[in-house]
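Chain by chain, the residues:
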Amino acid sequence: MGIQNLFDLTGKVALVTGASRGLGRAMSLALAEAGCHLALNARKAESLQEISGQIRGIGRKTAVMAGDVSDEGQVKGIVDSAVKEFGRIDVLVNNAGVWEGGFFFRMNKEDWDKAVSVNLTGAFLMAKAVGRIMMKQRSGKIIQISSILGLRGGPQSIVYSATKAGIIQMTRVMAIELAPAGIQVNAIAPGFFETDMTQRYQETPEALKAYIEKIPSKRVGKPEDLTGLTVFLASKASDRITGQTIVIDGGESLV
């Protein structure tokens, strides 16, 4: 097999959660460019229309699967609809997430529960539902989106950090249990990226400049910086890699 064929995803089907914007949007487009058809998930169907049109413009099939990943019944509906539409699911990108930042002693239980239900429980429910399909296929790639805050602490990030650390451990356990079926499970841990989630920091130029000065690469990440790694983890090129968390942060976590 030639090196280019190792990264070729022609005819594969990917389900991406949180696909309407930011990292999810960029990863969806990258998978489409590599050959995937896309089942796109977000809470609201209308938020997916633009990205769906862009993917169809590339020449791939898309289907919009609106729903709340923290609701088990809705997750089942999303996955069943994807399988009905495409016949299989080869790649799952568990990207849906919320921030809910704040000092831990000021955080109320409602905010804590919201972040846990979307970031952690949502990833569990989606992986469980898609994992059953992949077990029958005896193949599949599950890509979980964690964060460098899952590897180290940060002020006002207690629930986000806790859920992203949970994603890392979930990835390890799932990798062990699904490996005999030919399924690889890996996580990506981004550093600071330009997304809606980090918008309020980007709107404070002095603070952002000071933050960037601490990053060895002297810049924050752009959603497109995730695309190569996503395609790699979705492709045959990563068949021997499972249970790993790959940091992509321009050296941010090194200092």
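Residues numbered from 1 in each chain as written. Predicted model: local features only at pLDDT ≥ 70, side-chain atom pairs only at ≥ 80, totals over all residues. Heavy atoms only, no water.

A. Region of the structure containing the packing of aromatic side chains. Using the criterion set out here, one finds five aromatic pairs in the structure. Ring centres of Trp-99 and Tyr-160 lie 5.0 Å apart, and the angle between their planes is 55 degrees; on these two criteria the pair is classed as tilted. One end of the pair, Trp-99, is in the loop between strand 4 (91-94) and helix 5 (109-137); the other, Tyr-160, is in helix 6 (residues 158-178), and 61 residues separate them in sequence. Seen from their ring centres, Phe-192 and Tyr-211 are 5.2 Å apart, and the 50 degrees between their planes marks the pair as tilted. Here the residue Phe-192 occupies a position in the loop between strand 6 (183-190) and helix 7 (199-202), and Tyr-211 occupies one in helix 8 (residues 205-213), the gap between them amounting to 19 residues. By relative accessible area, Phe-192 is classed as buried at 11%. Exposure remark for Tyr-211: the relative accessible area of 31% places this residue in the partly exposed category. By the ring-pair criterion, three or more aromatic residues cluster together here, those being Phe-103, Phe-104 and Phe-105. (Phe/Tyr/Trp six-rings, centres within 6.5 Å; stacked < 30°, edge-to-face > 60°. Helix = DSSP H or I, 4+ residues; strand = E, 2+ residues; numbered from the N terminus. Buried < 20%, exposed > 50% of the residue type's maximum accessible area, 1.4 Å probe, protein only.)

B. Region of the structure containing the packing of helix 4 (residues 72-86) against helix 5. It is the contact of helix 4 with helix 5, at a shortest axis distance of 9 Å, that shows an interaxial angle of 35 degrees. When the axes of helix 4 and helix 5 are compared, the crossing they make is right-handed. Facing Glu-72, Val-75, Ile-78, Val-79 and Val-83 of helix 4, the residues of helix 5 in contact are Leu-125, Met-126, Lys-128, Ala-129, Val-130 and Ile-133. Grouping the constituent residues of the contact of helix 4 with helix 5 by class yields nine nonpolar, no polar and two charged. (Axes fitted to C-alpha atoms, helices over the stretch in contact; angles between N-to-C directions. Left-handed = near helix turned anticlockwise from the far one by under 90°. Contact = heavy atoms within 4.5 Å. Nonpolar A, V, L, I, M, F, W, Y, C, P; charged D, E, K, R; others polar.)

C. Geometry of a nonpolar patch on the surface. A contiguous nonpolar surface patch, about 530 Å² in accessible area, is contributed by Phe-103, Phe-104, Phe-105, Trp-112 and Ile-158. Note on placement: Trp-112 falls in helix 5. By relative accessible area, Trp-112 is classed as partly exposed at 34%. (Patch = residues over 30% accessible without salt bridge, like charges linked within 9 Å, V, L, I, M, F, W, Y side chains within 5 Å. Areas by Shrake-Rupley, 256 points an atom, 1.4 Å probe, with all protein chains shown as cover. Salt bridge = Lys/Arg side-chain N within 4 Å of Asp/Glu carboxyl O.)

D. Structural context of the packing of helix 5 against helix 6. In contact at an axis separation of 9 Å, helix 5 and helix 6 are set at 15 degrees when each is read in the N-to-C sense. Judged on the interaxial angle alone, helix 6 and helix 5 are roughly parallel. In this structure, helix 5 crosses over helix 6, and the sense of that crossing is right-handed. Contact residues: helix 5 offers Trp-112, Ala-115, Val-116, Asn-119, Leu-120, Ala-123, Phe-124, Ala-127 and Met-135, while helix 6 offers Ile-158, Val-159, Tyr-160, Ala-162, Thr-163, Gly-166, Ile-167, Met-170, Met-174 and Leu-178. In the contact of helix 5 with helix 6, the residues fall into 16 nonpolar, three polar and no charged. (Parallel < 35°, antiparallel > 145°, perpendicular 65-115°, else oblique.)

E. Representation of the pattern of salt bridges. Following the criterion strictly, the structure yields 11 salt bridges and no others. Note that Glu-100 is salt-bridged to Lys-114, the shortest N-O span being 3.3 Å. Here Lys-114 lies in helix 5 and Glu-100 lies in the loop between strand 4 and helix 5, a separation of 14 residues in the sequence. Residue class for Lys-114 comes out partly exposed when judged on its relative accessible area of 40%. Taking the shortest distance from any N to any O, the salt bridge between Glu-213 and Lys-218 comes out at 3.9 Å. With relative accessibility at 48%, the residue Glu-213 sits in the partly exposed group. Beyond isolated ion pairs, a larger network of salt bridges with shared partners links Lys-141, Lys-236 and Asp-239.

F. Representation of the sheet that holds strand 6. Spatially, 3-2-1-4-5-6-7 is the arrangement adopted by the seven strands of the open sheet, whose pairing is parallel. Only two strands of the sheet have a single neighbouring strand rather than two, namely strand 3 (62-64) and strand 7 (245-248). For this sheet the average axis-to-axis angle between neighbouring strands, irrespective of direction, equals 15 degrees. Here strand 1 (residues 13-16) pairs with strand 2 (residues 37-40) via four bridges, running parallel. Bridge pairing links Ala-14 to Leu-38 in strand 2. (Pairing = 2+ DSSP bridges.)

These values are about where atoms sit, not about what they do.
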